[in-house]
Structures are given as structure tokens and as C-alpha cells.
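Descriptive structure summary
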Amino acid sequence: MVSKKLRNDILLVAGIGFIILIVFIFLKINQGDTSSPNYIKVIVDKETKHCYNFNEDGEYVIKSGENTNVLVIKDGTAFIKSADCPDKICVHHRPISKVGETIVCLPHKFAIVITKEPQ
Amino acid sequence: MQGTKKLTFLGLLAAIAIVLSYVENLLPPFFGNNGIKLGLANIVNIFLLYKFTIKEAALVTLVRVLLVSTTFDINTLPYSVVGAAFSIIIMALLKKSNLFSIIAVSIAGGVCHNAGQILVAMFAYSTSEIGYTIIPLCISGILSGTLIGIAGALILKYTKYIKGW
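Report on the accompanying structure.

1. Re the overall build of chain A
- For chain A, the helix and strand inventory stands at 2 helices and 7 strands.
- Going residue by residue from the N terminus, the α and β elements of chain A occur as α-β-β-β-β-β-α-β-β.
- Projected onto its principal axes, the C-alpha coordinates of chain A cover approximately 60 × 40 × 25 Å.
- Classification of the 119 residues of chain A by burial places 39% in the buried group.
- Considering only intrachain contacts with a sequence separation of at least 6, the fraction spanning at least 24 residues in chain A is 35%.
- Carbon and sulfur atoms make up 59% of the accessible area of chain A, which totals about 6,900 Å².
- Each charge sign in chain A was given a centre, from 15 positive and 13 negative side chains, and these centres are 9 Å apart.

2. Notes on the interface of chain B and chain A
- Taken together, the 31 residues of chain B in the interface contact 33 residues of chain A.
- Contact with chain A buries area across many residues of chain B, yet Tyr125, Glu129 and Tyr132 of chain B alone supply 27% of it, more than any other trio.
- Across the contact surface, chain B and chain A share 0 salt bridges.
- Secondary structure elements with two or more residues in the side of chain B that touches chain A: α4 (77–97), α5 (102–125) and α6 (134–159) of chain B.

3. Describing the sheet that holds strand β7 (residues 110–115) of chain A
Residues and elements named next belong to chain A.
- Taken together, the 4 strands give an open sheet; going across it, the order is β2-β1-β7-β6, and neighbouring strands pair in antiparallel fashion. Every interior strand has two partners, whereas the edge strands, β2 (47–53) and β6 (102–105), have only one. When strand polarity is set aside, the average angle formed by the axes of neighbouring strands in this sheet is 20°.
- As paired elements, strand β1 (residues 39–44) and β2 share 6 bridges and run antiparallel to each other. Considered in β2, the bridge of Ile43 is made with Thr48.

4. Notes on α4 of chain B
- The end-to-end C-alpha distance of α4 of chain B is 30 Å, a good match for the 30 Å that 21 residues give at a rise of 1.5 Å each.
- At its buried positions, α4 of chain B is contacted by α1 (4–31) of chain A together with α2 (42–51), α3 (54–71) and α5 of chain B.
- Just past α4 of chain B, the residue Asn98 of chain B takes up positive phi, approximately 60°.

5. Thoughts on the packing of aromatic side chains
- Enumeration over the complete set of coordinates arrives at 3 aromatic pairs over all chains.
- With a centroid separation of 3.7 Å and 10° between ring planes, the pair formed by Tyr52 of chain A and Tyr60 of chain A is classed as stacked.
- Measuring from centroid to centroid gives 5.3 Å for Tyr22 of chain B and Phe72 of chain B, while their planes differ by 10°, and the two rings are stacked. Of this pair, Tyr22 of chain B sits in helix α1 (residues 3–26) while Phe72 of chain B sits in the loop between α3 and α4, placing them 50 residues apart in sequence.
- With a relative accessible area of 46%, Phe72 of chain B lands in the partly exposed category.

6. What about the pattern of salt bridges?
- Counting across every chain of the model gives 2 salt bridges over all chains.
- The salt bridge partner of Glu59 of chain A is Lys81 of chain A, with a shortest N-O separation of 3.3 Å. Highlighted residues: Glu59 of chain A in strand β3 (residues 58–64) and Lys81 of chain A in strand β5 (residues 77–83), separated in sequence by 22 residues.
- Exposure remark for Glu59 of chain A: the relative accessible area of 47% places this residue in the partly exposed category.
- When the shortest N-O distance is used, the salt bridge between Lys6 of chain B and Glu56 of chain B registers 2.5 Å. Taken as a pair, Lys6 of chain B in helix α1 and Glu56 of chain B in helix α3 lie far apart in primary sequence, 50 residues in all.
- According to the relative accessible area criterion, Glu56 of chain B is buried, its value standing at 10%.

What counts and what doesn't
Residues numbered from 1 in each chain as written. Chains lettered and ligands numbered in written order. Predicted model: local features only at pLDDT ≥ 70, side-chain atom pairs only at ≥ 80, totals over all residues. Heavy atoms only, no water. Helix = DSSP H or I, 4+ residues; strand = E, 2+ residues; numbered from the N terminus. Buried < 20%, exposed > 50% of the residue type's maximum accessible area, 1.4 Å probe, protein only. Contact = heavy atoms within 4.5 Å. Areas by Shrake-Rupley, 256 points an atom, 1.4 Å probe, with all protein chains shown as cover. Lys, Arg positive; Asp, Glu negative; His and termini not counted. Charge placed at Lys NZ, Arg CZ, Asp CG, Glu CD. Buried area = accessible area lost by both parts, 1.4 Å probe. Salt bridge = Lys/Arg side-chain N within 4 Å of Asp/Glu carboxyl O. Pairing = 2+ DSSP bridges. Axes fitted to C-alpha atoms, helices over the stretch in contact; angles between N-to-C directions. Expected span 1.5 Å × (residues − 1). Phe/Tyr/Trp six-rings, centres within 6.5 Å; stacked < 30°, edge-to-face > 60°.

See the structure below:
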């Protein structure tokens, strides 16, 4: 009764859903132990420039040549307070708090990532 | 459709794709901005893939990607090109196999587009954590792929009988 194409469609979406599930499980395993501190890696132009402890509040001005991004770590979340990039997508981004989450500033080739191990 | 008429038709569609790209940029950011887009320009992509062949779709997409990235933000160029390449290749393969409906082709195209972009991001930032962003991107890829697929299918259905197209 279900046409062949519809059945294949559903299989395809189910397959994609399955992959998502696997990655999700992987992520949850990685995020696991909440007692040990997490770290924020600041990456500029493919290199990890800084690594801050996520549990210590702080405001960091990260400059790379002409580019500035201001990273704020506060109460277990991190966000970009200000930046001089043209689109300010990084500034408007919701604050991040869990391992694996990232905020990326494309024009500045800049990204912050929450990871488990210090660099 | 041949020759000059086809060329101008493709040019017109390229312009439409560019405008769609721009319009979706104007929308307020959903989902906290981690690169999730509607991919409205893919309506043109799907339309070309089913009306013509992969060559026309690839050509118009290439033109659109080059013009949009050089006009607005050159940093998006590698992401757009790789994403579009993954997307078109997979869509052409799925369409050729004749095993899936146009909506599934669109969904696969959307998901592959995002997967390609994530690969570029993993290279650009040398961090594996970026791989986790595939979760929200795949989910939104499935949703937007469905909508784009429906839109594309409707356009194909209603333009099927236009003389000379």
C-alpha cells in the first residue's frame, strides 16, 4: 500500500536520524562527567591560541592583527561580548555552556569551543 | 530549450537564486546562529535538476555562490562551494537512481550541504568538537529540505505545461 518511493524516503530520513543519534550518543558520553571542569579553547586561524578554565569567570580581549573579539566567561556560560567583525554574528549568538558547543566568527577565522581536556 | 533562450533563462534563474540567498539573510537569526540557514536558493537548484540536468544546476549554483560570496562575505566561499558540491552530487545520484521522491532528494541535498560545510569548518578550525554541530544542522537540514522539496515540486508541477519551457 505504501509506494516504493515513499518507503525509500522514510528509510533515508530514518538513516539520517540514525546517524544523528550515534553522534548524539557520542556527544553525551563526551559531556559525561560534570564534576571535572571544562575548558574553553580559543582558536584563531587554525591554531589554539588560548585555553581558559570554564569555571573561572573572566573577560578576555583576544586580538589577532586588526581583529578583536571579547570573550566573557561568567557563571558557567560563555559568550562574545563585542567584536569588530562586519556581521557581528558571534556577538548575537546565544551563550554556550556545554562541551561541544561553539561560537564561530567567520570573518576573523576565530572560534571558541568548549572541550573536556585542556590543550 | 536551446541556445540563447536557454542561456537567458538560466541567467534569470541565477538572479532569482541570488535574490533568495539575500532575502534569507535578512531574516532574523533562528536557533542561535550556528550557521543554520533555510537554503531558499536550493529551490532553484531542485527546479534545475529536475527540469534540466546536473550541468545546468551546477552552473547556476556556481554562478550564484561566486557572486553572493564575493559581494557579501568572501569567507563564506569555501563553505558554500563545498556544501553546494556535496549537495548537488548526492542529489543528482539519488535522482538518477529513481528510488526516491523529490522531497527525499531535497532532504538529502540539504543534509549533505551542511555536512560539507562542517567538514570545511573542521579543517578551518582544526578542532573535532565542531563535528557535534552536525546534530542541529542535520535536524534543520531535514526540516528545510522537506519545505524546499515541497516548494520545488509545486513549482515543477505548475510550470510543467508552460509552452517552450
